[in-house]
Amino acid sequence: MRFLISFLLIALPFALTAQQKVSLSGYMRDAATGESLIAGTVYIKGADQGATTNNYGFYSVTVPAGKYTVIFSYVGYTTITMEMDLTTSKKYNAELSSGTTMKEVKVTAGRKDENVSKTDMGTISLSMARIKQLPVLFGEVDVLKTLQLLPGVQSAGEGNSGFYVRGGGPDQNLVLLDDAVVYNTGHLFGFFSVFNGDAIKDVTLIKGAPAANYGGRLSSVVDVTMKDGNMKEYHAEGGIGLIASRLTFEGPIKKEKGSFMVSGRRTYIDVLARPFSERLQNTGYYFYDANLKANYILGNRDRLYLSGYTGVDKFKFANSRGSFKADIPWGNNTATLRWNHQFTDKLFSNTTLVYNDYDFASQFNQSAFSVKLSSGIKDYNAKTDFDYFTPFHHRIKAGAVYTWHTFIPSQVSGRVDTITLEPSNAYTKYAHEAGAYILDEFEPTKWLKINAGIRYSFFGQVGPYTALNMDAAGNVTDSTKYKKGDLVQTYGGWEPRLNLRFALGENNSFKTSMAQTYQYIHLVTNNGSTLPTDVWAPSTYLVRPQKARQVSAGYFHNFLDNKLETSVEVYYKQMENQLQYRDGYTPNTLRDPELEYVVGKGESYGAEFFINKTQGKFTGWVGYTLAWTNQIFSMLNNGDRFPLKYDRRHNISVTSSYSFNKKWTASAVFVFGSGNAITLPTAYYFIDGELMQLYSKINAYRLPAYHRLDLSVNYTPEHKKKHRWEGSWSFSVYNAYNRKNPYFLYVDNSGTVAQGIDIKVFQVYILPILPSITYNFKF
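A. Summary view of the side chain of Asn350. Within the secondary structure, Asn350 is located in strand β24 (residues 347–366). The exposure class of Asn350 is buried, given its relative accessible area of 4%. A polar side-chain atom of Asn350 sits 2.9 Å from a polar atom in the side chain of Thr352. Once residues lying within four places of it in the same chain are set aside, the contact partners of Asn350 are Tyr56, Asp179, Arg338, Trp339, Asn340, Lys383, Thr384 and Asp385.

B. Quick look at the pattern of salt bridges. Within this structure, the stated rule accounts for 30 salt bridges. The residue Arg708 makes a salt bridge to Asp710 at a minimum N-O spacing of 2.9 Å. For Arg708, a relative accessible area of 11% puts it in the buried group. A relative accessible area of 4% means that Asp710 is categorised as buried. One connected set of salt bridges, linked through shared partners, spans Glu35, Asp178, Asp179, Lys201, Asp228, Lys293, Arg338, Lys383 and Asp385.

C. Representation of the nonpolar core within the structure. One finds Leu147, Leu150, Leu177, Phe195, Ile200, Val203 and Val222 to be the most contacted residues of the largest nonpolar core, which totals 65 residues. The residues touching Leu147, leaving out its near neighbours within four places in the chain, are Leu126, Val153, Val203, Leu205 and Val222. One finds Val22, Ala47, Ala51 and Val70 within the second-largest nonpolar core, a separate group that totals 21 residues.

D. Broad picture of the sheet that holds strand β2 (residues 41–45). The strand order β3-β2-β5-β6 describes an open sheet built from four strands, whose pairing is antiparallel. A single partner strand is all that each edge strand has here, and the edge strands are β3 (49–52) and β6 (80–86). For this sheet, the mean angle separating the axes of adjacent strands, direction not counted, is 20 degrees.

E. Looking closely at a nonpolar patch on the surface. On the surface, Leu247, Phe249, Val262, Leu292, Trp725 and Phe779 cluster together to form a nonpolar patch covering roughly 510 Å² of accessible area. Along the polypeptide, Leu247 turns up in strand β19 (residues 244–254).

F. View of the environment of Ala31. Position of Ala31 among the secondary structure elements: in the loop between β1 (21–30) and β2. Considered as a pair, Ala31 and Met231 are 200 residues apart in the sequence and their alpha carbons are 9.7 Å apart. Dropping the residues within four chain positions of it, Ala31 is found in contact with Glu95, Leu96, Ser97 and Lys232.

G. Looking closely at the packing of aromatic side chains. Scanning all chains against the criterion turns up 34 aromatic pairs. Ring geometry for Tyr456 and Trp494: centres 4.9 Å apart, planes at 65 degrees, overall edge-to-face. Highlighted residues: Tyr456 in strand β29 (residues 448–462) and Trp494 in strand β32 (residues 487–503), separated in sequence by 38 residues. Taken together, the aromatic side chains of Tyr27, Tyr56, Phe58, Tyr305, Phe348 and Phe389 make up a single cluster linked through ring pairs. Looking at Arg338, its charged tip hangs above the ring of Tyr305, at a distance of 5.4 Å from the centre. Positioned over the ring face of Phe556 is Lys511, at 4.3 Å from the centre of the ring.

H. Geometry of empty space enclosed by the protein. Per the stated rule, a full pass over the model turns up eight cavities of 30 Å³ or more. Its volume calculated, the second largest cavity comes out at about 110 Å³. In this structure, the second largest cavity is lined by 17 residues; those nearest its centre are Pro210, Arg217, Leu218, Ser219 and Thr517. Elements with a contribution of two residues or more to the lining of the second largest cavity: β17 (220–226), β33 (508–519) and β36 (546–559). With three residues, β36 is the largest single contributor of residues to the lining of the second largest cavity.

I. Quick peek at the sheet that holds strand β12 (residues 173–177). With respect to topology, five strands assemble into an open sheet ordered β9-β16-β17-β12-β13, the strand pairing being mixed. Across the chains shown, the open sheet's two edge strands, defined by having one partner strand only, are β9 (123–127) and β13 (180–181). Sheet topology note: the β12/β17 ladder contains five bridges and is parallel. Looking at the pairing, Val175 lines up with Val222 of β17.

Conventions we followed
- Residues numbered from 1 in each chain as written.
- Predicted model: local features only at pLDDT ≥ 70, side-chain atom pairs only at ≥ 80, totals over all residues.
- Heavy atoms only, no water.
- Helix = DSSP H or I, 4+ residues; strand = E, 2+ residues; numbered from the N terminus.
- Buried < 20%, exposed > 50% of the residue type's maximum accessible area, 1.4 Å probe, protein only.
- Polar contact = N/O pair within 3.5 Å; in protein donor to acceptor, adjacent residues only side chain to side chain.
- Contact = heavy atoms within 4.5 Å.
- Salt bridge = Lys/Arg side-chain N within 4 Å of Asp/Glu carboxyl O.
- Core = buried A, V, L, I, M, F, W, Y, C linked by side-chain atoms within 4.5 Å.
- Pairing = 2+ DSSP bridges.
- Axes fitted to C-alpha atoms, helices over the stretch in contact; angles between N-to-C directions.
- Patch = residues over 30% accessible without salt bridge, like charges linked within 9 Å, V, L, I, M, F, W, Y side chains within 5 Å.
- Areas by Shrake-Rupley, 256 points an atom, 1.4 Å probe, with all protein chains shown as cover.
- Phe/Tyr/Trp six-rings, centres within 6.5 Å; stacked < 30°, edge-to-face > 60°.
- Lys NZ or Arg CZ within 6 Å of the ring centre and 35° of its normal.
- 1 Å grid on protein atoms, 1.4 Å probe; cavity = no way out; pocket = protein on both sides within 12 Å on 5 of 7 lines; lining within 4 Å.
- Points joined across faces, edges and corners; volume = space filled by probe spheres on them.

On their own, these measurements won't tell you what the molecule is for.
If you want it as C-alpha cells, here you go:
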C-alpha cells in the first residue's frame, strides 16, 4: 500500500498537467498520390514542440491548449504553414505537394536541420528521385550500388551489388523489403540488386548503433520500403534499356480508400541472341523479378497492407550435341501482411506476418548421370510493434518478434542409370528465433537528446539433429541424437543501445552511440562476394552466435542555411565468433559443413568524413573513409592477425548532379579505393616431378587501387501542351576513361622440370568503358 501511495503522489502532478494539454495527430501524405510520407516533420511554433512521422506517415504532438502556427514539412515538398485552434485535441491529415507537381511554387526542404538535431548516427535516407539522377551500369538504377558510394560502405567487387559496412561481412547487413528479410540481394551473380527502382519509395541505411527495434545483424540495416500505390488515379511508368526492361502499374482500388502497385522487370539478352546462334538455343542467362503491393483503409483507425516480391535468376547451358546440360536457378520469394491500428491519438501499433524463402539449386546431366545440389533458407515470421507518443514528450517504442527458421545448408541427390541417390543426410536444421525490445527517445534539456533502448534476443536450435562431441584433433568421440522438436541448444543475450546528441549551437552538434548486437545466422563463404553458392547456416550445438560491440562519436555541422551538411564520425567495433572454412577445405556434401568451420574474432575501426549538398541546382556529396579491418583465427595463418579481403585503407566517393533547366540534368560519380587484400604464391618446389606452390600468409598482398569515373545526362522533352505520356532519355557511360580495374589475379605456369618453369601472374578485368541508353516513360 505504501508503494501505491508513493506512486500516486509521483504520478498525480503529471496527470494534472496532462489534463491541461491537447494533442494534434494524423497522417502526412503526398497530395498527388496519397502515399505516406515517412520521417516528415510537424512543428508547432509557440509551444516549440514537434514530431516526425513514423513508417506509415502517422504523427502525434501534445501541447498546452491554445492557438498555434503549425508547420508540416518534408524533403522536396512544399511546406504547409497554417494557423490552428488547438483548444481541444484535433486530427489533421496533411497533404503535401512534391516539387515535380508544383513547379511554380518554391519548394523548401523539410527536416532542414535533421543532420544535427536528431540522435541518429551513421543514418542516411535517400529518395529514389536522387538515386535515379546518378549514372548507372547498363541503364539499371541500383539502390545498393548507390549505398556503396556512402562513407563506411564498400563494394564487394567490380560491378557487384554486394556490400560491406564498417568491416562487417555481407551476411552482417540486415536488408529488409517491407519488413521481409532479403537473404540474397543480387541478380546476375551480384551485378544488379534485386530492388527495382520504380517499385521503391524510400531507402534508409543505418551503419551506426541501430535503435532497439532492429536486431539480428552486426553491421548495418538497409530498410527498403515499397510504394503503396496511387490512391487517386491510375498511372504507369517504365523503361527500356540495353539488357532489361521494366513496367509498373499503380492506381486506386477505391479512391481515397485503397490502392495497388504491381511492377515487373526482365532481362532479354537470351531472347535477342537466340535466333542468331544455334549454340544458344538451349543456353542462356536471364533474371526477372516482380513486386506487388496493395493496401486498404478499413476505417478511421485500421489499415491493411499486403506486399510481395519474387525474383528468379536462371542459367542454362547445353553443349552442341546435347550430351551435357546444366541448369542453375536461384531466387527469393517474400510475402508480408501488415495491420495498422490506432488505439488512441497517441498510441499506434503495427502487426506483421512474413513468409520468406530463398533457394539455390544446380543440376547437371550427362548421358545416364545426373546430380543436383541445393541449399536454401525458409522463414515464417510474426511481430508486433507499438509506437507511443506520450504527453510528456517521450516517444516510446516497444515490440516483440518471432521467427521459425528452416536451413538447408547442403543437399545432394543424383541418378546413375536406374540407380537413384536420395541420401537422408541433408543436414537440414531448424531453429526458433525471438526478440523483445523497448526504447525511449526524449529531450530532457534543449542541448541533450537521448535515444535509449534495450533488446533481448533468443535463439533455440531444435531437432531432428545429431550433436557430435569431438576431441582437440577434431575427431568425433561421441554423439547425441535429438528427435523432432527437441531443444538442442539455446543462446540469448541483452542488447543495450544508446544514442546521445549534444547541441553545441543552432547548426552544430556532437553525437555519440554504443550498441551490443547478436547474430544467430551465418553466411559461410570461401570468397568475398554474395554469390548464390554461399551457404546460410544457423548457430547450433557446435556453432556459437556472432557478437559485436560498437562505439562511435561524431561532430555534425550544417552551413548555408542547412543546404550543406557535414559530419565527421569515428568508430570502433569488436566482433566475436566469426566463421571461416578451415585451411584446405573443399566442398563435401557427405559431411556436415559445420564440421569444417573455424572460429575467430575480428575488429574494425576508422573515421568517416561526409559533405552533402542537398538543395539547389547543384547537389551531390563527397565521402572519405579511413579504415582498418582485421581478424585472428587460432587455426588460420599460424594464429597471426590478418586483414580481411575487404580491408581497404582508403575509400573516396564523389557524386554530383547539376540541373541546367527543366530539360537537361548532368551527373557524375568518381570512386577510388585501395586494393583488396589477396593471398599469392611466394615460392615453388617439386615433389616427384610435380610443381607445388607455397602461399604467402593470408591476404599479405594487395591488388592495385581501384578507381572509376561514371557520367550521365538525362533529357526530358518539354511539351507546350500537357501530355498524358511523358518520356525521358538517360545516357550514361560507365568507367568513362576505361580503367582496367582488376577483378581477380591468377598464376599460370608452363614448361617442364628439364626445360625450366615459366611462371606469370595475370590480371583479369571484366568491365571496360560501357555506354548505355535508357528510355523512361510515364502515362
